[in-house]
Each structure stands twice: as C-alpha cells, then as structure tokens.
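Here's the letter readout for the chains.
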Amino acid sequence: MPTTSRKADAERLATRLSELLGHDQIAIRPYGSHLHIRLVEDDLETTVARLTEIRPRAFAAAYRNQAGRWEPLPGVGDLEQATQTVVDCLEPYLQPLD
C-alpha cells in the first residue's frame, strides 16, 4: 500500500505533468517505491514511464519499451528534475492521440 508521502508525490507529479504537457489525460499510480505514469485514453490506461525513489527524495526515471521492459532515462534528481527528464525525453508518447 502506498505511503502518505508516496501519495503526495503522486499528486504533485500529476499536477506538474499536466502543467508541462498541457492536458490532464495522465494518471499516476503509486506502486511501492515507484510512481507509474499512465496515459489515459478512452478509459484505457497505458503505462508509459515511471519514477523510482532510489534514496530519500532522489528519483530515477525509466520508460517501458515495446517488449514491456523498463529502460532507464538519463540522470537522477528530485521529483521536479525527474519529471522534467520524463517530459524532455518522452513528450510525444505522453500526448493523447485525439
């Protein structure tokens, strides 16, 4: 079960992604030390990326490749820095098809 801290991180991440991407079709699902970033389209959620807390207040980002495996994105940083990395590297994949 996600901790209160992880739920707060998920809310902050969802808000920041919405600001950066210009839409709110993103859902964040806390799962252990991970924050799964999911694109929501027509009631279907597709996991695109995740942030993992690797030490207190330090996150690493990864994306899910076509085979379903996690591939790391460059760098480690606080939640804001890791969020920016995800947007910089994966913005086309985080946009709805509509």
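Below is a summary of the structure that appears in this document. Treat the numbers as computed from the prediction; the structure is a model and nothing was measured.

**A closer look at the layout of surface pockets**
Working step 1: What the largest pocket holds in volume is close to 260 Å³.
Working step 2: L39, E41, T46, T47, V48, Y63, R64, N65, Q66, L90 and Y93 together form the lining of the largest pocket.
Working step 3: Residue assignment for the lining of the largest pocket shows that the elements contributing at least two residues are β2 (34–41), β3 (44–55) and β4 (58–64).
Working step 4: Of all the elements, β3 adds the most residues to the lining of the largest pocket, at three residues.
Working step 5: The class makeup of the residues in the lining of the largest pocket is five nonpolar, four polar and two charged.

**Observations regarding the pattern of salt bridges**
Working step 1: In this structure the tally under the stated criterion is nine salt bridges.
Working step 2: When the shortest N-O distance is used, the salt bridge between R6 and E53 registers 2.9 Å. In this pair, R6 is assigned in helix α1 (residues 4–21) and E53 in strand β3, connecting sequence segments 47 residues apart. The same class applies to R6 and to E53, which are both buried.
Working step 3: A salt bridge links D9 to R12; the nearest nitrogen and oxygen atoms lie 2.8 Å apart. Here the residue D9 and the residue R12 both occupy positions in helix α1, the gap between them amounting to three residues, near one helical turn.
Working step 4: What makes D9 buried here is its relative accessible area of 1%.
Working step 5: According to the relative accessible area criterion, R12 is partly exposed, its value standing at 42%.

**Quick word on α1**
Working step 1: Here α1 contains 18 residues, and its C-alpha end-to-end distance of 26 Å stays within 8% of the 26 Å for a straight helix at 1.5 Å per residue.
Working step 2: At its buried positions, α1 is contacted by β1 (26–31), β2, β3, β4 and α2 (79–90).
Working step 3: At the C-terminal side of α1, G22 shows a positive phi close to 80°.

Cut-offs and rules
- Residues numbered from 1 in each chain as written.
- Predicted model: local features only at pLDDT ≥ 70, side-chain atom pairs only at ≥ 80, totals over all residues.
- Heavy atoms only, no water.
- 1 Å grid on protein atoms, 1.4 Å probe; cavity = no way out; pocket = protein on both sides within 12 Å on 5 of 7 lines; lining within 4 Å.
- Points joined across faces, edges and corners; volume = space filled by probe spheres on them.
- Helix = DSSP H or I, 4+ residues; strand = E, 2+ residues; numbered from the N terminus.
- Nonpolar A, V, L, I, M, F, W, Y, C, P; charged D, E, K, R; others polar.
- Salt bridge = Lys/Arg side-chain N within 4 Å of Asp/Glu carboxyl O.
- Buried < 20%, exposed > 50% of the residue type's maximum accessible area, 1.4 Å probe, protein only.
- Expected span 1.5 Å × (residues − 1).
- Contact = heavy atoms within 4.5 Å.

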